[in-house]
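The lines below spell out each chain.
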Amino acid sequence: MNAAQLLMRGGFETGEDGSPFEVVAQEPMYRLRRFFPDADSSGRPAVILVPPMMFVAEVYDVSYSSSVVRVLHDHPRRSRAR
């Protein structure tokens, strides 16, 4: 499926749910999502994922089994002692 088809059809269909999120800001050209809104994010760095041009934002969270968002959430960066 090419980018134009994805835009016309509205995203990927996998039969799986993506990660939970809430929309925290919205304008005509974007929606800012906060994934895992109920999780404790203290001490974790913020990550902003910008989809490539001509792709839908769901490209980073297609399904639970194929999700960059989930991998980042499940494997937080651990600080190293220096």
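Sequence positions are assigned chain by chain, starting from 1 and proceeding in written order. Side-chain atom pairs in this predicted model are given and counted only at pLDDT of 80 or more, local residue features only at pLDDT of at least 70, and totals for whole chains, interfaces and linings cover all residues. Based on all heavy atoms of the structure, the side-chain values leave hydrogens and waters out of the count.

A. Region of the structure containing the overall build of the chain. Numbering of helices and strands runs from the N terminus; a helix is a DSSP stretch of H or I covering at least four residues, while a strand is a stretch of E covering at least two. Along the backbone of the chain there are two helices and four strands. Contacts are assigned to residue pairs with any non-hydrogen atoms lying within 4.5 Å of each other. If you take every contact in the chain between residues at least 6 apart in sequence, the share linking residues at least 24 apart comes to 45%. Note on areas: Shrake-Rupley with a 1.4 Å probe; residue coverage comes only from the protein chains shown. When the accessible surface of the chain is totalled, it reaches about 6800 Å², and 54% of it is carbon and sulfur.

B. The pattern of salt bridges, seen in detail. In the sections that follow, a salt bridge refers to a side-chain nitrogen of Lys or Arg positioned within 4 Å of a carboxyl oxygen of Asp or Glu. Using the criterion set out here, one finds two salt bridges in the structure. The salt bridge partner of arginine 34 is glutamate 22, with a shortest N-O separation of 4.0 Å. Here glutamate 22 lies in strand E1 (residues 21–27) and arginine 34 lies in strand E2 (residues 30–35), a separation of 12 residues in the sequence. The class for arginine 34 is partly exposed, based on a relative accessible area of 30%. Here's how the labels work: a residue is buried when its accessible area is under 20% of the maximum for its type, exposed when over 50%, partly exposed in between, all with a 1.4 Å probe on protein chains only. Given a relative accessible area of 35%, glutamate 22 falls into the partly exposed group.

C. Region of interest: the confidence of the model for the chain. Averaged over all residues, the pLDDT of the chain equals 77, while 76% of them reach at least 70. The quantity known as pLDDT measures the predictor's confidence residue by residue, on a range of 0 to 100. Averaged pLDDT values over the elements of the chain bottom out at 54 in helix H1 (residues 3–9) and peak at 93 in E1.

D. Highlighting the environment of serine 66. With respect to the helices and strands, serine 66 occurs in strand E4 (residues 66–67). The sequence separation of serine 66 and glutamate 16 amounts to 50 residues, and the corresponding C-alpha distance is 9.7 Å.

E. Region of the structure containing unusual backbone geometry. The phi angle at phenylalanine 36 is positive, at roughly 50 degrees, despite the residue not being glycine. Looking at the element boundaries, phenylalanine 36 is found in the loop between E2 and strand E3 (61–63).

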